[in-house]
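Coordinate inspection notes
One-letter residues, chain by chain:
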Amino acid sequence: MATTIKQAPKVGMVSLGCPKALVDSERILTRLRADGYAMSPDYAGADVVLVNTCGFLDSAKEESLAAIGEAIAENGRVIVTGCMGEEADVIRAAHPAVLAVTGAHQYEQVVEAVHEAAPPSQGPFVDLIPQPDIKLTPRHYSYLKISEGCNHSCAFCIIPQLRGKLASRRVDAVLREAEKLVAAGTKELLVISQDTSAYGVDIRHEERMWKHHPVRAHMTDLARELGQLRTPEGEQPWVRLHYVYPYPHVDAVIPLMAEGLLTPYLDIPFQHAAPRVLKAMKRPANEARVLERLKSWRAICPDIAIRSSFVVGFPGESEDDFRYLLDWLEEARLDRVGAFRFEPVAGAAANELPDPVPEEVKEERYARLMDVTERISAARLAAKVGKVIPVIVDEIGEADEDGDVGATARSQADAPEIDGNVFLRNVPASLKPGDFAQVEVEDADAHDLYGVIAG
């Protein structure tokens, strides 16, 4: 009598929040597929839906609650995980129908909850061949998470409460994952954590053997090794560092960028510049030294792009403090800037600070800051017109009425999702997503570049 193999139960996933949460989603789905589950691209086809939440800001919590509500309305069988999972009572009060709630990076608990909601059908004849890890990003770029948690106690942040203290991964494990990703088609590695500069501090920068030589769990050593990776075609993947706090040892990675081992890009969350505000935020307050270091970095690696984010309207921020920030930005000439209006977050020390800034003042300062940074960005991008720069292709467009095909790409100064693009005209038919290309820049606006493949 023939054996009937049961159809694999299907799991849907809604992933909210930062790239670190996206990596958590990838790991959860990879484990579930190893247990015999299939993935559903929509609510209707899923036996159970996972919602990976963000709980960093109140606005993010509202978005998470709305996503849970939508999943319940569309499917009805919902499991909640992620940072907002720490507030299970709030979630259950809003949505009593959720099947289970787990916290951030609690992979085993999530998998157990899925097993209970939709038991796996895996048998001895199914999935004998290991499957590759699931990716939720395009094939050509991948996030590489090197640690969890954070040892800082910034007044506006509750990340240590949500994700715990710094917990670094073994350096050989990180390098193995990176090597595997590149072998599978990744052309750009985006190194992420809560504090990339602190990588290895908690494990005393322990050494591990890698390719027959010892490597420390340290940002500089890791970066140098990642710069040695090559794709199956022999190309060097871009390696981009995110969430880098400007500790003194960050200076050591700039020569690696000048040598071509690292993508000349640093994502540094400065948050503010006024010493009084930085002190209230419990952030390092040495803004003058930072300006000196920026000049030094640009002298060593002229192509380096600096991205940062800033908070406006922090409690006690005066007009003088804000003007100080604007003056600092004028001198710093950062390439990419994001800004946030301060939001009280339940559990954050900043909520107890005096002199809250009125909402209308926050809005006015936010608009002024964005005006300044947009003008700086436009000037820095305009300086690239006429130059030939390397890009990575993200997407090929449809042919227009004349048969010309355009493409969307990014320069080394542009991380996916958060920075600008390079829009290409009249690209060759052979060009495909993930390709590297040399592009002549023909035009620029405040955020993006426009060009053509260099002849």
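Note that this is a predicted model, so its numbers are computed, not measured.

Relative to each other, helix H6 (residues 171–183) and helix H7 (residues 219–226) sit at 25 degrees, their axes nearing to 11 Å. Between H6 and H7, the interaxial angle falls into the category roughly parallel. The handedness of the crossing between H6 and H7 comes out as right-handed. Contacts between H6 and H7 involve Val171, Val174, Leu175 and Ala178 from the first element and Leu222, Glu225 and Leu226 from the second.

Our focus in this paragraph is the sheet that holds strand S19 (residues 436–444). Two orientations exist for strands paired in a sheet by backbone hydrogen bonds: parallel and antiparallel. A barrel is described by the order of its strands in space; here 5 strands give the closed sequence S16-S17-S18-S20-S19, paired in mixed fashion. Direction aside, the axes of adjacent strands within the sheet are offset by 50 degrees on average. Bridge analysis of strand S16 (residues 388–399) against strand S17 (residues 405–411) gives 6 bridges, and the strand direction is antiparallel. Opposite Val391, over in S17, you have Ser411 as the bridge partner.

The next thing to look at is the confidence of the model for the chain. Summing up the model confidence of the chain, the mean pLDDT is 89 and the portion of residues at 70 or higher is 94%. The model gives residues 123–130 a pLDDT under 50, and that stretch makes 5 contacts with residues more than four places away or in other chains.

For helix H11 (residues 319–332), built from 14 residues, the straight-helix expectation of 20 Å at 1.5 Å per residue is met to within 8% by its first-to-last C-alpha distance of 20 Å. Looking at the residues trailing H11, positive phi occurs at Arg333, about 55 degrees.

Next up on the list: unusual backbone geometry. At Gln271, a residue that is not glycine, the phi angle is positive and equals roughly 75 degrees. The class for Gln271 is buried, based on a relative accessible area of 10%.

Moving on, we come to the packing of helix H1 (residues 19–34) against helix H4 (residues 107–117). In the contact formed by H1 and H4, the axes pass within 10 Å of each other and the chain directions differ by 45 degrees. In terms of orientation, H1 lies oblique with respect to H4. Here H1 runs over H4; the crossing is right-handed. Here Asp24, Arg27, Ile28, Arg31 and Leu32 of H1 lie close against H4, whose contacting residues are Tyr107, Glu108, Val110, Val111 and Val114.

Another point: H1. Its 16 residues give H1 an end-to-end C-alpha distance of 23 Å, which sits within 8% of 22 Å, the value for a rise of 1.5 Å per residue. The set of residues buried in H1 consists of Lys20, Ala21, Leu22, Val23, Asp24, Ser25, Glu26, Ile28, Leu29, Thr30 and Leu32.

Our next topic: the pattern of salt bridges. Applying the stated criterion to the full structure yields 33 salt bridges. Glu292 serves as the salt-bridge partner of Arg289, at 3.6 Å between the closest nitrogen and oxygen. With Arg289 and Glu292 both in helix H10 (residues 287–300) and 3 residues apart, this pair spans about one turn of that helix. Ionic contacts of the salt-bridge type, sharing partners, join the residues Glu317, Glu319, Arg323, Glu364, Arg365 and Arg368 into one network.

In this structure the tally under the stated criterion is 8 aromatic pairs. Seen in terms of ring centroids, Phe270 and Trp328 are 5.3 Å apart; in terms of plane orientation they differ by 70 degrees. Their pairing is edge-to-face. With Phe270 in the loop between strand S13 (265–267) and helix H9 (275–281) and Trp328 in helix H11, the pair connects residues that are 58 residues apart, well separated along the chain. Taken as a pair, Phe270 and Trp328 share a single burial class, namely buried.

The next subject is the state of the cysteines. Scanning all chains against the criterion turns up 0 disulfides. Free of any disulfide, Cys54 has its nearest cysteine sulfur in Cys83, 6.1 Å distant.

Right, let's get into the nonpolar core. Counting 54 residues, the largest nonpolar core has Leu226, Leu266, Trp297, Phe310, Trp328, Leu334 and Leu369 as the members making the most contacts within it. Residues contacting Leu369, with those up to four places away along its chain left out, are Phe310, Val312, Phe322, Leu325, Leu326, Leu329, Val337 and Ala339. In this structure, Ile28, Ile79, Tyr107 and Val114 belong to the second largest nonpolar core, which totals 16 residues.

Turning our attention to the pairing of strand S15 (residues 336–341). Pairing analysis gives 6 bridges linking strand S14 (residues 305–312) to S15, with the strands arranged parallel. Pairing of Val312 across the sheet is with Arg341, part of S15.

Analysis parameters
Residues numbered from 1 in each chain as written. Predicted model: local features only at pLDDT ≥ 70, side-chain atom pairs only at ≥ 80, totals over all residues. Heavy atoms only, no water. Axes fitted to C-alpha atoms, helices over the stretch in contact; angles between N-to-C directions. Helix = DSSP H or I, 4+ residues; strand = E, 2+ residues; numbered from the N terminus. Parallel < 35°, antiparallel > 145°, perpendicular 65-115°, else oblique. Left-handed = near helix turned anticlockwise from the far one by under 90°. Contact = heavy atoms within 4.5 Å. Pairing = 2+ DSSP bridges. pLDDT = per-residue confidence, 0-100. Expected span 1.5 Å × (residues − 1). Buried < 20%, exposed > 50% of the residue type's maximum accessible area, 1.4 Å probe, protein only. Salt bridge = Lys/Arg side-chain N within 4 Å of Asp/Glu carboxyl O. Phe/Tyr/Trp six-rings, centres within 6.5 Å; stacked < 30°, edge-to-face > 60°. Disulfide = S-S within 2.5 Å. Core = buried A, V, L, I, M, F, W, Y, C linked by side-chain atoms within 4.5 Å.

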